[in-house]
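What follows is the residue order along each chain.
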Amino acid sequence: MNKLKRYLLFLAGLFINALGVSLVTKASLGTSPISSIPYVLSLKFPFTLGNFTIIFSILLILLQILILRKNLKMENILQIPVSIAFGYFIDLTMYMFFWVNPQNYAIKLIALFAGCIVLGFGVYMEVLADVVMLPGESFVRAIVQTWNTNFGTTKIMFDSSMTIIAGGLSVIFFGKLNGVREGTIIAALLVGFIARLFGKHLEFVKPYIFPENYETNKNHNTSDENGKETSEARHKNVIVIGRQYGSGGHDIGKILADKLGFDFYDQEIIKMAAGTTGLTSEFIEKREETMTNSLLYDLVNQMYQYRDEKEEAPKDKIFDAESKVIRDLANKGNCVIIGRCSDYVLRDDDRVLKVFFTAPMESRIERVMKRLGVESGNAQHRIRKEDKYRADNYRYYTGRIWGVSANFDLTINIDLGIDFIEKCIDDALKA
């Protein structure tokens, strides 16, 4: 049943993908890079865009066979019927949009952007289905697997090559650029970016579409074999801590763990994530909980490369690995976990007490000056920079505002003192 749902979702995504390609093409500002060669050929020869799409796709599949050889898989062969269906979908949707023929440049741009949005949603659905890749992306992956190149760089080079070849053919056939214009570049930049946005903001739909792949952490061990509620169900036994930079949240968390007899996890999470990702602890430490520009990050790390877990963008790979570590640690219970969006990762776990530590700027500056041996101005600059990194990272991966009290069970000013904090935490664990 799960496989059937995935193929139906992929088929729907394929049709929406074709809708997007047709709408982008109808805007008359060029077409998507992967469709640029078939489109230029369709303008010269008496075959449709869909026909040339099928022919070009078959060529890419044959090249994959030559490149992969013994590493060829069944999914590479499945691209043949997928390519045929995609070609016919394009011809069908081109016919459906027979009435779209914008003359005004502004209207052309609107049609182009609308097509990019539709195409991006189609790509998102295909990625969500996770059954077969279209020949373009699969060809890039074949190169990556055979010669160990970077997926993102190879994909950019592939798209650029398609556009350049299409432009060259256009000049040869027509003596000018025909079918390759600014819209081709816009589509190349926007489609993957839009698909990634859909993937990020529609993450919540996955458990509804594929519930069999998700397990809830709610209400663990709520009763014993006699049906009597256990102490674990009555009391929380996991503390997750968010904290402002320089507030001393790490140190307070360690004190709490020692007092309660709980395990304490902060830097240990980095080492555990490193063990599952193949990335070094130093690499992870430099990149976790930092996001300098989420828009630029989305543009650079487009959705296409997320079809293969081995090629996941490093920062996303870190977040996914650390989230898994956090869930595994929470399942063991009796622990304190520091940062890393852990309040969001464990938001549905009833055993978790979510705490955010804050402190006045003056005391934060004093702590940072003492810890780093810097002057007041430098300490304040470091605090503002680190807080912004954490806030941007938190917003990017959770869609929430960092530090908002609604996301936590307790928000505590550390300057109130350790005795007060211990009492608050102890009462909250038993509440």
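Residues numbered from 1 in each chain as written. Predicted model: local features only at pLDDT ≥ 70, side-chain atom pairs only at ≥ 80, totals over all residues. Heavy atoms only, no water.

Visitor: Hey, could you run me through the overall build of the chain in this one?
Guide: Counting secondary structure elements, the chain contains 19 helices and five strands. Expressed as a percentage of contacts within the chain between residues at least 6 apart in sequence, the contacts between residues at least 24 apart total 75%. Total accessible area computed for the chain in this model is approximately 21,700 Å², and 59% of it derives from carbon and sulfur atoms. (Helix = DSSP H or I, 4+ residues; strand = E, 2+ residues; numbered from the N terminus. Contact = heavy atoms within 4.5 Å. Areas by Shrake-Rupley, 256 points an atom, 1.4 Å probe, with all protein chains shown as cover.)

Visitor: What should I look at first to understand the side chain of Ser342 in this one?
Guide: Tracing the sequence through the fold places Ser342 in helix H16 (residues 342-345). Given a relative accessible area of 2%, Ser342 falls into the buried group. Within the structure, Ser342 has its side chain in polar contact with the backbone oxygen of Gly339 (distance 2.8 Å). (Buried < 20%, exposed > 50% of the residue type's maximum accessible area, 1.4 Å probe, protein only. Polar contact = N/O pair within 3.5 Å; in protein donor to acceptor, adjacent residues only side chain to side chain.)

Visitor: Quick question: what am I supposed to make of a nonpolar patch on the surface here?
Guide: Residues Leu62, Ile65, Met74, Ile77, Ile80, Ile84 and Tyr88 make up a contiguous nonpolar surface patch of about 620 Å² in total accessible area. The element that contributes the greatest number of residues to the nonpolar patch is helix H4 (residues 74-96), accounting for five residues. Tracing the backbone shows Met74 in helix H4. Looking at Met74, the relative accessible area reads 58%, which means it is exposed. (Patch = residues over 30% accessible without salt bridge, like charges linked within 9 Å, V, L, I, M, F, W, Y side chains within 5 Å. Salt bridge = Lys/Arg side-chain N within 4 Å of Asp/Glu carboxyl O.)

Visitor: Looking at this structure, I do not really get the nonpolar core. What am I missing?
Guide: If you look at soluble globular proteins, the nonpolar side chains tend to sit buried side by side. Core analysis: the biggest nonpolar cluster contains 36 residues, and Phe10, Leu14 and Cys116 have the highest contact counts within it. Of all elements in the fold, only helix H1 (2-26), H4, helix H5 (105-129) and helix H8 (182-201) reach the threshold of two or more residues within this core. With ten residues, the single largest contributor to this core is H5. When neighbours within four sequence positions are excluded, Leu14 is seen to be in contact with Val82, Ala85, Phe86, Phe89, Glu126 and Leu134. Among the nonpolar cores identified, the runner-up in size contains 22 residues, and Val238, Cys335, Leu346 and Ala391 belong to it. (Core = buried A, V, L, I, M, F, W, Y, C linked by side-chain atoms within 4.5 Å.)

Visitor: Just to check I follow, could you spell out H1 for this structure?
Guide: Given 3.6 residues per turn, any residue in an α-helix points the same way as the ones three and four places further on. Spanning 25 residues, H1 covers 36 Å between terminal C-alpha atoms, matching the ideal 36 Å at 1.5 Å per step. Just downstream of H1, Ser28 is the residue with a positive phi angle, here 65 degrees. (Expected span 1.5 Å × (residues − 1).)

Visitor: Even after reading the chapter, I still don't get the pairing of strand E3 (residues 335-338), so can you show me in this structure?
Guide: Look at any regular strand and the pattern is simple: side chains alternate between the two faces of the sheet. Side-chain alternation along E3 places Cys335 and Ile337 on one buried face and Val336 and Ile338 on a second face that is also buried. Taken together, the four bridges between strand E1 (residues 238-243) and E3 define a ladder with parallel strand orientation. When the bridges of E3 are listed, Ile241 appears paired with Ile338. Sheet topology places strand E2 (residues 263-265) next to E3; three bridges connect them, and they run parallel. Residue Phe264 lies in a different strand from E3, and its bridge partner there is Val336. (Pairing = 2+ DSSP bridges.)

Visitor: Mind showing me how you'd approach H4 here?
Guide: Its 23 residues give H4 an end-to-end C-alpha distance of 33 Å, which sits within 8% of 33 Å, the value for a rise of 1.5 Å per residue. If you look at H4, its biggest bend is around 30 degrees, right at Ile80, and the proline Pro81 turns up within four residues after that. Of the residues making up H4, those classed as buried are Asn76, Gln79, Val82, Ser83, Phe86, Gly87, Phe89, Ile90 and Thr93. Where H4 is buried, its residues touch H1, helix H3 (49-68) and helix H6 (135-147). (Bend = angle between axes of the 7 residues up to and from the residue.)

Visitor: What am I meant to see in the sheet that holds E2 here?
Guide: Adjacent strands of a sheet pair through backbone hydrogen bonds, lying either parallel or antiparallel. In space, the five strands of this open sheet follow the order E2-E3-E1-E4-E5, with parallel pairing throughout. Across the chains shown, the open sheet's two edge strands, defined by having one partner strand only, are E2 and strand E5 (410-413). With direction set aside, neighbouring strand axes in the sheet form an average angle of 20 degrees. Strands E1, strand E4 (352-358) and E5 of the sheet are contacted by helix H19 (residues 418-430), whose axis makes an angle of about 170 degrees with E5. (Axes fitted to C-alpha atoms, helices over the stretch in contact; angles between N-to-C directions.)

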